[in-house]
Amino acid sequence: MLVAFSVSPSGGAGGGVSEAVAAAVKVVRESGLPNETSSMFTTIEGEWDEVMAVVKRAVDAVAAYGPRVSLVLKADIRPGFTGQLTAKVERVEAHLTEG
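What you are looking at is a predicted structure, and each value in this text was computed from that prediction instead of being measured.

Conventions adopted
Residues numbered from 1 in each chain as written. Predicted model: local features only at pLDDT ≥ 70, side-chain atom pairs only at ≥ 80, totals over all residues. Heavy atoms only, no water. pLDDT = per-residue confidence, 0-100. Helix = DSSP H or I, 4+ residues; strand = E, 2+ residues; numbered from the N terminus. Salt bridge = Lys/Arg side-chain N within 4 Å of Asp/Glu carboxyl O. Buried < 20%, exposed > 50% of the residue type's maximum accessible area, 1.4 Å probe, protein only.

Peer 1: With reference to specific residues and values, describe the confidence of the model for the protein.
Peer 2: Per-residue confidence for the protein gives a mean pLDDT of 94, with 95% of residues at or over 70. Put simply, helix 3 (residues 84–97) is where the protein has its lowest mean pLDDT, 94, and strand 3 (residues 42–45) is where it has its highest, 98.

Peer 1: Talk me through the pattern of salt bridges; I want residue IDs and the actual numbers.
Peer 2: For the coordinates displayed, the defined rule picks out 3 salt bridges. Lys 56 serves as the salt-bridge partner of Asp 60, at 3.0 Å between the closest nitrogen and oxygen. With a gap of 4 residues between them, Asp 60 and Lys 56 both fall in helix 2 (residues 48–63), about one helical turn apart.

Peer 1: Would you mind going over the environment of Thr 43 in detail, with residue names and values included?
Peer 2: With respect to the helices and strands, the residue Thr 43 is situated in strand 3. Accessibility expressed as a relative area gives 16% for Thr 43, which makes it buried. Here the alpha-carbon distance between Thr 43 and Leu 85, two residues 42 residues apart in the chain, equals 7.8 Å.

As structure tokens, this is what we get:
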């Protein structure tokens, strides 16, 4: 499965969230699961239980930065498929180069 998520603190002092987001991204990267981070989301690939455990640890890391945490999550659940973090993009790119 692929899970794209965004997590940030709210209700804390100060206006920036980059330090808290970096803490969440560190959790994801240390998980060893395939992942990528963009300006809006971090996407992680793996089995349901392992991916959701990483998301929970990322939320816990962000919770240290404020009394409230916002989590947005989107999942692509497709049993039997792996490598989709890059394969989905490669299929789109192939269409863009046809022509």
